[in-house]
Amino acid sequence: MGDVILQAVNLRKEFGGLIAVADVSLDVAAGSMHSIIGPNGAGKTTFFNLLSGRYKPTRGSVYFKGEDITLVPLYKRIHMGIGRSFQITNIFPNLTVLENVRLAAQATSDHTFNFWRRAAHFDHFIERALVVLDMVSLSEQIHTPATLLPHGGKRKLELAMLLAPDPSVLLLDEPTAGMASEQVPELIEIINSVRQREGKTIVMIEHNMNVVMGISDRISVMNQGEVLAEGTPSEIAANRTVQEVYLGELYGSVEEMAGGHG
Ligand SMILES: Nc1ncnc2c1ncn2[C@@H]1O[C@H](COP(=O)(O)OP(=O)(O)OP(=O)(O)O)[C@@H](O)[C@H]1O
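Conventions adopted
Along each chain, residues carry numbers from 1 onward, in the same order as the chain's sequence is written. Local features in this predicted model are restricted to residues whose pLDDT is 70 or higher, and side-chain atom pairs enter the listing and the counts only when it is 80 or higher, whereas totals over whole chains, interfaces and linings include all residues. Secondary structure elements are defined from DSSP: runs of H or I of at least 4 residues count as helices, runs of E of at least 2 residues count as strands, and each element is numbered from the N terminus. Helix span, expected: 1.5 Å multiplied by one less than the number of residues in the helix. When DSSP finds two or more bridges between a pair of strands, those strands are recorded as paired. Joining buried Ala, Val, Leu, Ile, Met, Phe, Trp, Tyr and Cys residues through C-beta atoms within 7 Å gives a set, and that set is a nonpolar core. With C-beta atoms placed from the backbone, a residue is buried if 20 or more other C-beta atoms are within 10 Å of its own, exposed if 12 or fewer are, and partly exposed between those counts. Residue pairs are scored as contacts if the distance between their C-beta atoms, which are placed from the backbone, is within 7 Å. Defining nearness, a residue is near a molecule or strand when the C-beta atom obtained from its backbone falls within 6 Å of it. Here an axis means a line fitted to C-alpha atoms, over the contact stretch when the element is a helix, while the angle between two N-to-C directions is reported on a 0 to 180 degree scale. Each angle gets one of four labels, with under 35 degrees taken as roughly parallel, over 145 as roughly antiparallel, 65 to 115 as roughly perpendicular, and the rest as oblique. By definition, turning the near helix anticlockwise from the far helix through less than a right angle yields a left-handed crossing, and turning it clockwise yields a right-handed one. Only Asp, Glu, Lys and Arg are considered charged in this grouping, and only Ala, Val, Leu, Ile, Met, Phe, Trp, Tyr, Cys and Pro are considered nonpolar; every other residue, Gly among them, is considered polar.

Engineer: Please clarify how helix α6 (residues 184-198) should be interpreted in this entry.
Structural biologist: Over its 15 residues, α6 extends 21 Å from the first C-alpha to the last, a length consistent with the 21 Å expected when each residue adds 1.5 Å. Downstream of α6 by one or two residues, Gly 199 has phi in the positive range, about 65°.

Engineer: Which parts of the structure should I look at to understand the sheet that holds strand β5 (residues 67-68)?
Structural biologist: To summarise the sheet geometry, strands pair through backbone hydrogen bonds and adopt either a parallel or an antiparallel arrangement. The strand order across the open sheet formed by 4 strands is β2-β1-β4-β5, and the pairing between neighbours is antiparallel. Each having just a single partner strand, β2 (18-29) and β5 make up the two edges of the open sheet. Relative to β2, strand β1 (residues 4-15) runs antiparallel, the two sharing 8 bridges. Counterpart to Val 4 in the pairing with β2 is Ala 29.

Engineer: It is not clear to me how the nonpolar core should be interpreted in this structure. Could you clarify?
Structural biologist: What tends to happen in soluble globular proteins is that the nonpolar side chains get buried as a cluster. In this structure, Val 101, Leu 133, Ala 160 and Ala 164 are the most contacted members of the largest nonpolar core, which totals 58 residues. It is helix α5 (residues 151-163) that provides the largest number of residues to this core, a total of 6 residues. What Leu 133 contacts, discounting residues up to four positions off in sequence, is Val 97, Leu 98, Val 101, Leu 138, Ser 139, Ile 142 and Ala 160.

Engineer: How do you make sense of the site of the ligand when you look at a structure like this?
Structural biologist: Taken together, Phe 15, Leu 18, Ala 20, Gly 38, Asn 40, Gly 41, Ala 42, Gly 43, Lys 44, Thr 45 and Thr 46 make up the full set of residues adjacent to the ligand. Contributions of two or more residues to the shell around the ligand are made by β2 and α1 (44-52). A total of 3 residues in the shell around the ligand trace back to one element, the largest contributor, which is α1.

Engineer: Please clarify how the sheet that holds strand β10 (residues 226-231) should be interpreted in this entry.
Structural biologist: Strands sit in the order β6-β7-β8-β3-β9-β10 across an open sheet of 6 strands; the sheet is mixed. Edge positions in the sheet fall to β6 (82-84) and β10, since each has one partner strand and no second. In this sheet, neighbouring strand axes are inclined to one another by 20° on average, regardless of whether the strands run parallel or antiparallel. Bridge count between strand β7 (residues 169-173) and strand β8 (residues 201-205): 5 bridges; the pairing is parallel. Paired with Leu 171 across the strands is Val 203, a residue of β8. Relative to the sheet, α1 contacts β3 (33-37), β6, β7, β8 and β9 (218-223), its axis offset from that of β7 by approximately 155°.

Engineer: Would you explain the packing of helix α3 (residues 97-107) against α5 in this entry?
Structural biologist: Each pair of packed helices can be described by the angle between their axes along with the distance between the axes. Their axes nearest at 8 Å, the elements α3 and α5 cross at an angle of 30°. In this view, α3 runs roughly parallel relative to α5, as classed from their interaxial angle. α5 is crossed by α3, and the crossing has right-handed handedness. Mapping the contact onto sequence places Val 97, Asn 100, Val 101 and Ala 104 in α3 and Leu 157, Ala 160 and Met 161 in α5. Classifying every residue of the contact of α3 with α5 by side-chain character gives 6 nonpolar, 1 polar and no charged.

Engineer: Help me understand the pairing of strand β4 (residues 59-64), please; the structure alone is not making it clear to me.
Structural biologist: Side chains on a regular strand alternate between the two faces of the sheet. One ladder, built from 5 bridges, connects β1 with β4; its direction is antiparallel. Considered in β4, the bridge of Val 9 is made with Ser 61. The pairing of β4 with β5 spans 2 bridges and is antiparallel. Among the inter-strand pairings, Phe 64 is bridged to a residue of β5, identified as Glu 67. Counting the residues that bridge the hairpin from β4 to β5 gives 2 residues, and of these Lys 65 lies at a positive phi of roughly 50°.

Here it is, written out as C-alpha cells:
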C-alpha cells in the first residue's frame, strides 16, 4: 500500500441520539480507488460529509497528507485539494457546458483579481476547462447549455467541474446514480482513466456492485455506522460477514413480504 493521503481516526457523528458514524478509522492510499459500500442508512454519506468538511465530527479526526484538517471548513479543504462531487443541482442550467466548468475552475482559484491581469487568468481558466472537458469526452458539447445535456452528459459535466480545480483527492458520491445501465461503462472508463492518467486518489460511494468490484483497489463495507470489513474486491466478495449483511437485507424484505401475506 502506498502513502496514506487521507485518514479518518475514530471518526464519529451523532445526530441527537442517533450514531450515524461510529468511531470509524480508515486509511486511503494515495493514487488508489477506494470504494465505500453498505446498505441504506449505513452512514456512508455522513462519513463523506465528515471527510469533505461539510459536517464537523462529534469526535475523532481527519488527516490530509499528514495534516490534521478536522476543523478545516469545506471551502478550505477544496482549496487544499479535496474535491467533493458536485450535485446536478449545482450546475447553472442556462450557462453552457464550458462556462459551468470555467466557473468551477475560477471559483476555487486563489487569485485575487486585478483588472489588468483578469483577462490573462480568464484565458487560463478556459484552457483548464477545455482540458477537463476533453478528459470527460464532452469536447463536442462545450457550447451546449447545460440544461440540454442528457442525464449521462450532466454526470460527466459534474465530473469535469470537480476536476477543474485539479484536486488530488476526489470524493464521488454515487457517480452512476440514475444513469441508464448502458451509459455506466463509459463513465466508469472515464473515472478510471482520470485516476490512472492524472494520478488522482478516488474515494467513491457506489451501489452498483459490478462497478465496485471491477475498479476498486480497496473496499470498505459500512453497516450501522461502523466499518464491518475492509479489503480487496476478492477478499470482500469472499467475506461471510459481508455476505450476511447483504443477504440479511434480502431476507429481511422477504420476511416482511411473507409477514404481509400472513
Ligand atoms: N442531517 C441528518 N440529521 C439527522 N439524521 C441524519 C442526518 N443525515 C443522516 N442521518 C441519519 O444517519 C444515518 C446514516 O445516514 P447516511 O445518509 O449517512 O447513510 P448512507 O449509508 O449514506 O445511506 P444511503 O445509501 O441510503 O444514502 C441514517 O439513519 C440517517 O437517517
